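Now for the letters of each chain:
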Amino acid sequence: MKNKNILIIVHKGYNEFDWLSPIIKNLQKKNNIFYLFTNNVAYVSFVKDTKGNFFLSKAKKKMIIIKYNFIILRILRVFYKRLPFLKNQKIENYFVSNIHDISKISKYLLSINKKEFDIIFSQNGLTSGWTNQFYLNKKRTVIINHPATSNLPSKHARIPSKARPRGDYMFVNNDIEKKLWQKKFDENKIIVVGMPKLNFYNPPNKRSNLIKRIVFAYTSNFKKFGLKKDSIIEKQLDETLQVLSKIGNIKVNLKIHPIKNHPYYLKILAKYDKRIFSVSNENLNNLAYKSDLLITNLDSSAVLDGLLGKIPTIELWRVLKEINTYSHSFFSTNLLSKYCKNKYELKKYVELGLKFPKNLIWQRQQMQFKKIYNYKKINYDYLLNKFLKKMKHN
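In this report, we go over the structure that sits alongside the text. These figures come from a predicted structure and were not determined experimentally.

Reading guide: rules and limits
Going along each chain's sequence as written, the residues are numbered from 1 onward. Totals for whole chains, interfaces and linings use all residues, but because this is a predicted model, local features are given only for residues with pLDDT of at least 70 and pairs of side-chain atoms are given and counted only at 80 or more. To obtain the side-chain values, all non-hydrogen atoms of the structure were used and water was disregarded. Only DSSP runs of H or I reaching four residues or more are called helices, and only runs of E reaching two or more are called strands; each is numbered from the N terminus. Using a 1.4 Å probe on the protein chains alone, a residue whose accessible area is under 20% of its type maximum counts as buried, one over 50% counts as exposed, and one in between counts as partly exposed. Whether two residues are in contact is decided by their heavy atoms: any pair within 4.5 Å suffices. Here the open area of atoms and residues is found with the Shrake-Rupley method and a 1.4 Å probe, where only the protein chains shown may cover a residue. By this definition, two strands are paired if DSSP reports at least two bridges between them. The convention used is that axes are lines fitted to C-alpha atoms, helices contributing only their stretch in contact, and that angles between N-to-C directions extend from 0 to 180 degrees. A patch consists of residues whose relative accessible area exceeds 30% and which take part in no salt bridge; residues with like charges are grouped when within 9 Å of each other, and nonpolar side chains (Val, Leu, Ile, Met, Phe, Trp, Tyr) when within 5 Å. Here, a salt bridge means any side-chain nitrogen of Lys or Arg that lies within 4 Å of a carboxyl oxygen of Asp or Glu. Under the convention used here, Asp and Glu are negative, Lys and Arg are positive, and both His and the chain ends fall outside the count. By convention, the point assigned to a charge is CZ for Arg, NZ for Lys, CD for Glu and CG for Asp. What we call a nonpolar core is a set of buried Ala, Val, Leu, Ile, Met, Phe, Trp, Tyr and Cys residues that are connected through their side-chain atoms within 4.5 Å. Note on aromatic pairs: the rings of Phe, Tyr and Trp (six-membered ring only in Trp) are paired at centre separations within 6.5 Å, and the planes decide the class, stacked below 30 degrees, edge-to-face beyond 60, tilted for the rest. Geometrically, a charge over a ring is one whose NZ (Lys) or CZ (Arg) sits within 6 Å of the ring centre while staying within 35 degrees of the ring normal. The definition of a polar contact used here is a pair of N or O atoms within 3.5 Å, where within protein one atom must be able to donate a hydrogen and the other to accept one, and adjacent residues in sequence count solely through side-chain atom pairs. Should the near helix be turned anticlockwise from the far one by less than a right angle, the crossing is left-handed, and should it be turned clockwise, the crossing is right-handed. Residues are grouped as follows: Ala, Val, Leu, Ile, Met, Phe, Trp, Tyr, Cys and Pro are nonpolar; Asp, Glu, Lys and Arg are charged; all remaining types, including Gly, are polar.

Re the overall build of the protein chain
Part 1 of the argument: What the protein chain contains, in helices and strands, is 18 helices and 13 strands.
Part 2 of the argument: The buried share of the protein chain, taken over its 394 residues, is 49%.
Part 3 of the argument: Sequence separation of at least 24 residues holds for 71% of the intrachain contacts in the protein chain that already meet a minimum separation of 6.
Part 4 of the argument: Counting only carbon and sulfur atoms, one obtains 53% of the accessible surface of the protein chain, whose full area is about 21000 Å².

Overview of the sheet that holds strand E4 (residues 119-123)
Within a beta sheet, neighbouring strands are joined by backbone hydrogen bonds and run either parallel or antiparallel to one another.
Part 1 of the argument: Spatial strand order, E3-E2-E1-E4-E5-E6-E7: 7 strands in an open sheet with parallel pairing. At either margin of the open sheet sits one strand with a lone partner, and together these are strand E3 (63-65) and strand E7 (190-192). Across the sheet, the mean angle from the axis of one strand to that of its neighbour is 20°, orientation sign disregarded.
Part 2 of the argument: In this sheet, strand E2 (residues 32-37) lies alongside strand E1 (residues 5-10) in parallel orientation, the contact comprising 6 bridges. Across the sheet, Ile-6 pairs through a bridge with Ile-33, a residue of E2.

Focus on the sheet that holds strand E12 (residues 313-315)
Part 1 of the argument: Across the sheet, which stays open at both edges, the 6 strands sit in the order E10-E9-E8-E11-E12-E13 with parallel pairing between neighbours. Whereas interior strands pair on both sides, the edge strands pair on one side only; in this sheet they are strand E10 (277-279) and strand E13 (338-339).
Part 2 of the argument: Pairing between strand E9 (residues 250-261) and E10: 3 bridges, direction parallel. By the bridge assignment for E10, Asn-253 is matched with Ser-278.
Part 3 of the argument: Lying on the sheet, helix H16 (residues 343-355) is in contact with strand E8 (212-220), E9, strand E11 (293-296), E12 and E13; it crosses E11 at an angle near 155°.

So, the environment of Ile-314
Part 1 of the argument: Counting through the fold element by element, Ile-314 comes out in strand E12.
Part 2 of the argument: Considering only alpha carbons, one finds Ile-314 and Leu-298, 16 residues apart in sequence, at a separation of 9.0 Å.
Part 3 of the argument: Ignoring sequence-local partners within four residues, the contact set of Ile-314 consists of Leu-293, Leu-294, Ile-295, Thr-296, Lys-338, Cys-340, Leu-346, Tyr-349, Val-350 and Trp-362.

A closer look at a positive patch on the surface
Part 1 of the argument: Taken together, the side chains of Lys-2, Lys-25, Lys-29 and Lys-30 make up a positively charged region of the molecular surface.
Part 2 of the argument: Here Lys-25 is to be found in helix H2 (residues 21-27).

Some words on the nonpolar core
Part 1 of the argument: Residues Ile-295 and Val-350 are the most contacted members of the largest nonpolar core, which totals 35 residues.
Part 2 of the argument: Those elements giving two or more residues to this core turn out to be E8, helix H11 (227-245), E9, helix H12 (265-269), E11 and H16.
Part 3 of the argument: When neighbours within four sequence positions are excluded, Ile-295 is seen to be in contact with Ile-214, Val-215, Phe-216, Ala-217, Leu-244, Ile-314, Leu-316, Leu-346 and Val-350.
Part 4 of the argument: In this structure, Leu-20, Ile-33, Leu-384 and Phe-387 belong to the second largest nonpolar core, which totals 33 residues.

Let's talk about the packing of aromatic side chains
Part 1 of the argument: All chains considered together, the criterion is met by 20 aromatic pairs.
Part 2 of the argument: Members of the aromatic cluster, connected to one another through ring pairs, are Tyr-14, Phe-17, Tyr-35, Phe-37, Tyr-43, Phe-46, Phe-54 and Phe-55.
Part 3 of the argument: When the ring centre of Tyr-264 is taken as reference, the NZ or CZ atom of Lys-223 above it lies at 4.6 Å.

Quick look at the side chain of Glu-315
Part 1 of the argument: When you line up the elements, Glu-315 lands in strand E12.
Part 2 of the argument: Of the side chains bearing the opposite charge, Lys-338 lies closest to the buried Glu-315, which forms no salt bridge; the N-O distance is 10 Å.
Part 3 of the argument: Separated by 2.8 Å, the side chains of Glu-315 and Ser-329 make a polar contact.

Observations regarding the packing of H11 against H16
Part 1 of the argument: Following both chains from N to C, one finds H11 and H16 inclined at 35°, their axes separated by 10 Å at the closest point. Two packed elements cross with a definite hand, and for H11 against H16 that hand is right-handed. Residues Glu-239, Thr-240, Val-243 and Leu-244 of H11 pack against Lys-343, Leu-346, Lys-347 and Val-350 of H16.
Part 2 of the argument: Split into classes, the residues belonging to the contact of H11 with H16 amount to 4 nonpolar, 1 polar and 3 charged.

A few points about the pairing of E2
The side chains of a regular strand alternate, residue by residue, between the two faces of the sheet.
Part 1 of the argument: Extensive coverage of E2 is indicated by the burial of 5 of its 6 residues.
Part 2 of the argument: As judged from the 3 bridges shared by E2 and E3, these two strands associate in the parallel manner. What sits directly across from Leu-36, in E3, is Ile-64.

What to know about the pattern of salt bridges
Part 1 of the argument: Evaluation of the coordinates by the stated rule reveals 10 salt bridges.
Part 2 of the argument: The partner of Lys-197 in a salt bridge is Asp-305, with the nearest N and O atoms 2.8 Å apart. You can see Lys-197 sitting in helix H10 (residues 196-199) and its partner Asp-305 sitting in helix H14 (residues 302-308), a full 108 residues away along the chain. Residue Lys-197 shares its accessibility class with Asp-305, and that shared class is buried.
Part 3 of the argument: Notably, a salt bridge pairs Glu-282 with Lys-290, separated by 2.6 Å at the nearest N-O pair.
Part 4 of the argument: Several salt bridges share partner residues, and in doing so they unite Asp-18, Lys-197 and Asp-305 into one network.

Section: the environment of Lys-392
Part 1 of the argument: Relative to the assigned elements, Lys-392 resides in helix H18 (residues 380-393).
Part 2 of the argument: Lys-392 gets classed as exposed once you look at its relative accessible area, which sits at 55%.
Part 3 of the argument: Sequence separation of Lys-392 and Arg-140 is 252 residues, and the distance between their C-alpha atoms is 6.2 Å.

The following block contains the structure:
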């Protein structure tokens, strides 16, 4: 497949695109890749990541950022929705089509003689006005919904009731996820593709024997639940940094979640030695390849980056029910990560991971990883071309 115009709709930032990135990296060699950022926050998150920067450097002028998105129309629509006696489908359609004016997007990004994109990718967990408008007005475009994460659903997982995925096909990680989405999407058009990062896996870089490197993938959830609960979150971060500061000959790179990144964590970090701790904008996957151990919050998909890097991977204890409903995660339950109940266990397993990376605990993580995340060799060029040919004949 070559010379196709492919649009990526980015709603939240680089973390949402990360799942798709290996596929796009492969496709951009022979095709034109365009980006639609539905808000400025998503663009800022994307450009802050080193891999995000890499993709945008290839795009040059092939992107558009929706900064204001018809604020007046949006306000009027809110008032209109509060007046049920005015309900009229034509009025609603007017608001939707003008707030999400896809004709302007296509005109800006594409040449005059090309009025449609060939393929559009959009996250499958969202009800996107932009995706919906492209879907309603397309002729030959293939719209594919994709996961925002490689996290596999637990037995408690539910698809959000408001989710309304609009597209021709949906990519998912595994059969469990497919079964969940069947209630919202045609099961014959849900394609299990596995984990693209694993499909395009690169071997880890060589690591230093002198100074051990730890990547701490941290989600900063401050200023969401009140002062009392902020102090609980702060205590956990402080205890984690204390433990790490007392382990000799290490460097710790903090990789902060691209969206859940309240800067209050910097106030706590400032108390610790800058020669040991630093904040990195480098892509998490790259950091894991260069590190000897990964630590992250409970139920974070960062666990998968540690496993891909073939390094011991640790999850911190739960601090608030508002953040994690359950005191365990899919990863710890399936032995993909080592769950630490407190700072004492954290110290024990960090030291074990750095001194004995071949210990059975870490070997079992890799065995479980290979067992649960089955490798799937997929030729995306062939698969997408097949979708396009089918659309052409319909």
